[in-house]
Amino acid sequence: VAFVADLVVGLALGRLFASDPPASRWQELLILAAGVAVVVIVTSLPIIGGLAKLLVILFGLGALGLVAWRGWRSRGQQAPPPAAPSAPQAPEAPASI
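Please read these numbers as outputs of a predicted model, since none were measured by experiment.

A. Quick look at the environment of Val9. Residue position: Val9 is located in helix H1 (residues 2–17). For Val9, a relative accessible area of 14% translates into the label buried. Sequence separation between Val9 and Leu55 is 46 residues, and the spatial gap between their C-alpha atoms is 9.7 Å. Residues in contact with Val9, not counting those within four places in the same chain, are Val39, Val56, Phe59 and Gly60.

B. Focus on the packing of helix H2 (residues 25–43) against helix H3 (residues 49–75). At a closest axis distance of 7 Å, the pairing of H2 and H3 adopts a crossing angle of 140 degrees. Taken together, the axes of H2 and H3 are oblique relative to one another. Judged by residue contacts, Val39, Val42 and Thr43 of H2 engage Gly49, Ala52, Lys53 and Val56 from H3. Class assignment for the residues of the contact of H2 with H3 results in four nonpolar, two polar and one charged.

C. Spotlight on the packing of H1 against H3. Their axes nearest at 8 Å, the elements H1 and H3 cross at an angle of 85 degrees. Comparing the axis directions of H1 and H3 gives the class roughly perpendicular. Counted together, Ala2, Val4, Ala5, Asp6, Val8 and Val9 of H1 and Lys53, Val56, Ile57, Phe59, Gly60, Leu61, Ala63 and Leu64 of H3 form the full contact between these two elements. A per-class count over the contact of H1 with H3 returns 11 nonpolar, one polar and two charged.

The rules behind these values
Residues numbered from 1 in each chain as written. Predicted model: local features only at pLDDT ≥ 70, side-chain atom pairs only at ≥ 80, totals over all residues. Heavy atoms only, no water. Helix = DSSP H or I, 4+ residues; strand = E, 2+ residues; numbered from the N terminus. Buried < 20%, exposed > 50% of the residue type's maximum accessible area, 1.4 Å probe, protein only. Contact = heavy atoms within 4.5 Å. Axes fitted to C-alpha atoms, helices over the stretch in contact; angles between N-to-C directions. Parallel < 35°, antiparallel > 145°, perpendicular 65-115°, else oblique. Nonpolar A, V, L, I, M, F, W, Y, C, P; charged D, E, K, R; others polar.

Now the structure itself:
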């Protein structure tokens, strides 16, 4: 599960630092690889690596939880059928006082 969190955070970091949106799947894969490389390097540092790994896991699992929650909530909601056009209404007569 922690590896999936690394991927999610790596992709987010890569997209954050990429100047243009990826034009192809290969560019998106390179952005993912660069982001995951940054995550692996930072979490391998001796002093701050443990704290960084904890933050990566929390953010990654939080993002996955949000995606799962939104998917679960929208699963039961379907778009309502389009309303039938109503007949034109006649103008009302002015009220007398």
